[in-house]
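Architecture and fold: a report
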There are 2 protein chains.
Amino acid sequence: MSTSLDAVRDYFLDLQQRIVHQLELADGQSFETDEWVREQGGGGISRYIEEGKLFERGAVLFSHVKGLNLPPSATARRPELAGRPWEAMGVSLVLHPRNPYIPTTHMNVRLFIAEARHDQEERIFWFGGGMDLTPYYGFEEDAIHFHQHCAHALAPFGDDKYPAFKQWCDEYFYLKHRDENRGIGGIFFDDLNAEGFDTCFALVRSVGDHFTKAYLPIVEARRHHRYGERERDFQAYRRGRYVEFNLVFDRGTLFGLQSGGRTESILLSLPPIVRWRYQWTPEAGSPEAQLSDFLRPREWLNHT
Amino acid sequence: MSTSLDAVRDYFLDLQQRIVHQLELADGQSFETDEWVREQGGGGISRYIEEGKLFERGAVLFSHVKGLNLPPSATARRPELAGRPWEAMGVSLVLHPRNPYIPTTHMNVRLFIAEARHDQEERIFWFGGGMDLTPYYGFEEDAIHFHQHCAHALAPFGDDKYPAFKQWCDEYFYLKHRDENRGIGGIFFDDLNAEGFDTCFALVRSVGDHFTKAYLPIVEARRHHRYGERERDFQAYRRGRYVEFNLVFDRGTLFGLQSGGRTESILLSLPPIVRWRYQWTPEAGSPEAQLSDFLRPREWLNHT
């Protein structure tokens, strides 16, 4: 599998470069580069932007790390693998645009390996990933566009994939304490290995390659919408939900912090400026008041 | 114990009123009142202020709630009690002053009861609580003043209490992923029951009664310090650490969210406006750069 691992690593590194290049073209400002090495093994390349023209804060991270004890948060469905030596690599991105009419987005593709500790154990791999959209103002056509490209990415791998991964996404990005979804979803999958390494890797490549097609047209459609203090304030308030989800529920974040990951890289997912206030609700009938309905899970695409 | 429970409840309600009264005098603006009832049993009174003159956001909460299954986060030292019917009451406060020279503070006093499910089980009670200080700019005299009043509160209950609860506080309010303490500590205790109900309750009353003496003189000493954008920005950045601690580590917050607690009340502890930025460090030699040293646990009082 080591040749395959090299191929996955090469793909992830190339994907990071291609995405950053397209985001730089959209923003007009360059991303910074921060390479780091992890004492316990491995390292990463953080590409990030702060105070860009388009992105107030955003990051496209590559990391390849190893550890001696797989934390329980790494695999929800295979608790029996906890404690094994492990290896993980992937690309993870979060973009927080300044304009509140442009949604925040997240994309991730990753490969995990749990090593065998003795002859009776097998080396286990699994892929995971997904992409999802978190709007502050709801535009149906944006949600449909995003989901269409999610469906396109998965179409070559069977008709069951998009509906299953779409539902998984709705279930995963759910704030239990708010009874609210983080955004309008997309796709999410984990523990992917049943169809063999090559097919799983092809699926993950397709997801990675579809990201900019799913997201950048939405950026272009919304970037010239005018906004003022009212929209910025609403965006800062709603970003509080993003923080709550990532710090309380997100398995990737908790895995990173538990496994002695690089804190500043992991927390690049947090928004640049956030507000909390008590029992606040938008004025009835306002565009802000429509968001909670818009975030309720639904079928964005017509299945026949 | 039901007479005792009434006495504890009366004390907590009175403490809330007294503290709010003193905070209102300091702020010049009134706290709002929000009474709520919990479907599963119990309820509370939230007293809070937003956009006050002194406090940008703050809350003094009373709650008295019951449940059928004690969540594991409720008691670190007695995992065997998880799953029992339970009852909890207490007062919890967090104050986020606007002026960055005034520290944020937190105080909590609480009583937990794990009910017996059958004849072989005993009804178990335990008290918990504490108070701690989170400065943005370090003043040694403030830290000493705060710790002195923590020590005074505990002195009648034995010389061992302050050093033990001070250390517990340093260990509890620790951000593992940052290798940083949340503030300069104070006192923290949990699972208090060995010395009997009456003594434990007396200790908890003493902690509650000492809070305003520990905190308000610091407010008065710092409230007229001038500040500008620079200090406000640093405060917003440091408040990010407060959010990280409360959402990732704080047992009270996680217990509340896990047990179907009232989200808006629980998250009243979060600051009103918060910033995150990547790898930021204050300019060498600046007052902001001195904070990380100031937060390192130390003996603030001379023991002889």
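In this text, all values refer to a predicted model and were calculated from it rather than measured experimentally.

Definitions and cut-offs
Each chain carries its own residue numbering, running from 1 in the direction its sequence is written. Both sets of labels track the order of writing: A upward for chains, 1 upward for ligands. Residues qualify for local features only when their pLDDT is at least 70, as the model is predicted, and side-chain atom pairs are given and counted only at 80 or more; totals for whole chains, interfaces and linings, by contrast, use all residues. For the side-chain quantities, the full set of heavy atoms in the structure was used; hydrogens and water were omitted. Residues below a pLDDT of 70 in either copy are left out; the C-alpha atoms of the rest, at least 70 in both, set the least-squares superposition of the copies. The contact rule is simple, with two residues in contact once any of their heavy atoms fall within 4.5 Å. Helix numbers and strand numbers start at the N terminus; a helix is a DSSP run of H or I with at least 4 residues, a strand a run of E with at least 2. Under the scheme applied here, a residue whose accessible area is under 20% of the maximum for its type counts as buried, over 50% as exposed, and between as partly exposed, the area being computed with a 1.4 Å probe on protein chains only. What gets called buried area is simply the loss in accessible area from a 1.4 Å probe that two parts show on being joined, summed for both. A pairing counts as a salt bridge when a side-chain nitrogen of Lys or Arg comes within 4 Å of a carboxyl oxygen of Asp or Glu. Criterion used throughout: strands pair if DSSP finds at least two bridges between them. Helix axes use the C-alpha atoms of the stretch in contact, all axes being lines fitted to C-alpha atoms, and the angles between their N-to-C directions lie in the range 0 to 180 degrees. UniProt positions are given in the numbering used here, feature names are shortened, and annotations may be inferred rather than shown by experiment. The distinction between a cavity and a pocket rests on a 1 Å grid over the protein atoms alone: a 1.4 Å probe fits inside a cavity but cannot get out, while a pocket stays open yet meets protein on both sides within 12 Å along at least five of seven lines, and a residue with an atom within 4 Å of a point counts as lining. Grid points are joined across faces, edges and corners, and a volume is the space filled by probe spheres set on the points. Whenever a nitrogen or oxygen atom comes within 3.5 Å of another N or O atom, the pair is scored as a polar contact, on the condition that within protein one atom can donate a hydrogen and the other can accept it, and that pairs from neighbouring residues in sequence are kept only if both atoms are in side chains. Here is the rule for angles: anything less than 35 degrees is roughly parallel, anything more than 145 is roughly antiparallel, 65 through 115 is roughly perpendicular, and the remaining ranges are oblique. Note on convention: the crossing is left-handed when the near helix lies turned anticlockwise from the far helix by less than a right angle, right-handed when the turn is clockwise. Only Asp, Glu, Lys and Arg are considered charged, only Ala, Val, Leu, Ile, Met, Phe, Trp, Tyr, Cys and Pro nonpolar, and every remaining residue, Gly among them, polar. Classification of ring pairs uses Phe, Tyr and Trp, with its six-membered ring standing for Trp, and accepts pairs whose centres are within 6.5 Å; under 30 degrees between planes counts as stacked, over 60 as edge-to-face, and the remaining range as tilted. Distance and angle both matter: a charge sits over a ring if NZ of Lys or CZ of Arg is within 6 Å of the ring centre and within 35 degrees of the ring normal.

Attention now moves to the relation of the copies chain B and chain A. In the superposition of chain B on chain A (RMSD 0.0 Å, axial shift 0.0 Å), the rotation amounts to 180 degrees. Here the transformation between the copies is reduced to the relation of a two-fold axis. Every residue of chain B has its C-alpha some distance from the rotation axis, and the shortest such distance is that of V274(B), at 2.6 Å. Of the interface residues in chain B, 100% have counterparts in chain A that sit at the interface too, so the contact is made through matching surfaces.

All names here are of chain A. Mapped onto the fold, T253 is located in helix α6 (residues 251-258). Classification of T253 as buried rests on a relative accessible area of 5%. Apart from the residues lying within four places of it in its own chain, the contact partners of T253 are N246, L247, I266 and L267.

We now examine the interface of chain B and chain A. Accessible area lost on assembly of the parts is the figure often given for the size of an interface. Residue-level contacts link 31 residues of chain B with 31 residues of chain A. Interface of chain B and chain A: buried area, both sides summed, is about 2,800 Å²; carbon and sulfur atoms make up 56% of it. Considering only the surface of chain B that becomes buried against chain A, E264(B), W276(B) and Y278(B) emerge as the three largest contributors, covering 30% of it. Counting the contacts that link chain B with chain A gives 2 salt bridges.

What follows covers the sheet that holds strand β3 (residues 55-67) of chain B. Residues and elements named next belong to chain B. One open sheet holds the 7 strands; their spatial order is β1-β2-β3-β4-β5-β6-β9, and the pairing between them is antiparallel. Edge positions in the sheet fall to β1 (32-37) and β9 (185-192), since each has one partner strand and no second. With strand direction ignored, the average angle separating the axes of adjacent strands in the sheet is 5 degrees. Sheet topology note: the strand β2 (residues 42-50)/β3 ladder contains 9 bridges and is antiparallel. Its bridge partner lying in β3, G43 is registered against H64. Of the strands in this sheet, β6 (124-134) and β9 touch helix α3 (residues 161-172), which is tilted by about 100 degrees from β9. Sitting on the sheet, helix α5 (residues 229-249) is in contact with β3, β4 (86-97), β5 (104-114) and β6, with an inclination near 160 degrees to β4.

Here is the key point about a regular strand: its side chains alternate between the two faces of the sheet. All names here are of chain A. Here strand β6 (residues 124-134) lies mainly inside the structure; 11 of its 11 residues are buried. Side chains of β6 alternate between two faces, with I124, W126, G128, G130, D132 and T134 and F125, F127, G129, M131 and L133 buried alike. Sheet topology note: the strand β5 (residues 104-114)/β6 ladder contains 11 bridges and is antiparallel. From the neighbouring strand, M107 faces β6, where its bridge partner is M131.

Attention now goes to the UniProt feature "active site" (unreviewed entry) in chain A. Residue and element names in this part refer to chain A. As annotated by UniProt and renumbered to match this structure, "active site" (unreviewed entry) occupies H106. If you trace the backbone, H106 turns up in strand β5. Among all residues touching H106, those that are not within four sequence positions of it are L93, V94, G130, M131, D132, F173, R182 and Y242.

In this model, the largest pocket occupies a volume close to 340 Å³. Around the largest pocket, the lining is made up of 17 residues, and of these E180(A), Y237(A), R241(A), W280(A) and T281(A) lie nearest the centre. Looking at the lining of the largest pocket, the elements with two or more residues in it are α5 (229-249) and α8 (291-294) of chain A together with α7 (263-266) of chain B. Looking at the lining of the largest pocket, the element that brings in the most residues is α5(A), giving 4 residues. Size it by volume and the second largest pocket reaches roughly 230 Å³.

Here we take up the UniProt feature "site: Important for dimerization" (unreviewed entry) in chain A. Residues and elements named next belong to chain A. UniProt marks H177 with the feature "site: Important for dimerization" (unreviewed entry), using the numbering shown here. By the element assignment, H177 lies in the loop between β7 (174-175) and β8 (180-181). A polar contact of 2.7 Å, which involves the side chain of H177, links it to the side chain of E244.

So, on to the sheet that holds strand β1 (residues 32-37) of chain A. Each strand in a sheet pairs with its neighbour through backbone hydrogen bonds, running either in the same direction (parallel) or in the opposite one (antiparallel). Residue and element names in this part refer to chain A. Here we have 7 strands laid out as an open sheet, ordered β1-β2-β3-β4-β5-β6-β9, and antiparallel in their pairing. If you trace the sheet from one side to the other, it starts and ends with β1 and β9 (185-192), each paired once. Taken pair by pair, the neighbouring strands of this sheet meet at an average axis angle of 5 degrees, ignoring direction. Across the sheet, helix α2 (residues 140-154) touches β5, β6 and β9, and the angle it forms with β9 is around 30 degrees. Strands β6 and β9 of the sheet are contacted by helix α3 (residues 161-172), whose axis makes an angle of about 100 degrees with β9.

The next subject is the packing of α2(A) against helix α4 (residues 197-222) of chain A. All names here are of chain A. Between α2 and α4, the shortest axis-to-axis distance is 8 Å and the interhelical angle comes to 165 degrees. Relative to α4, the element α2 lies roughly antiparallel. Read as a crossing pair, α2 and α4 show a hand that is right-handed. Along its contact with α2, which presents E141, D142, H145, F146, H149, H152, A153 and L154, the element α4 presents L203, S206, V207, H210, K213, A214, P217, I218 and R222. The residue inventory of the contact of α2 with α4, partitioned by class, reads 8 nonpolar, 5 polar and 4 charged.

Moving on: the packing of aromatic side chains. Under the counting rule described, the total for this entry stands at 56 aromatic pairs over all chains. On the basis of an interplanar angle of 65 degrees and a centroid distance of 6.3 Å, the ring pair of F165(B) and W168(B) is categorised as edge-to-face. Here W168(B) and F165(B) lie together in helix α3, a separation of 3 residues that amounts to about one turn. With 5.0 Å between their ring centres and 20 degrees between their planes, F165(B) and F189(B) make a pair best called stacked. With F165(B) in helix α3 and F189(B) in strand β9, the pair connects residues that are 24 residues apart, well separated along the chain. The same class applies to F165(B) and to F189(B), which are both buried. An aromatic cluster is defined as three or more aromatic residues linked by ring pairs; in this entry it consists of F165(A), W168(A), Y172(A), F173(A), F188(A), F189(A), F245(A) and F249(A). Just above the ring of F201(B) sits the side chain of R205(B); from NZ or CZ to the centre is 4.4 Å.

What follows deals with the pairing of strand β4 (residues 86-97) of chain A. Residues and elements named next belong to chain A. The buried count for β4 comes to 11 of 12 residues, which makes it a mostly enclosed element. In the sheet, strand β3 (residues 55-67) pairs with β4 via 12 bridges, with the strands oriented antiparallel. Note that in β4 the partner of V65 across the bridge is A88. As paired strands, β4 and β5 are joined by 10 bridges and run antiparallel to one another. Each bridged residue has a counterpart across the sheet, and for L93 the counterpart in β5 is M107. Joining the antiparallel neighbours β4 and β5 is a turn of 6 residues.

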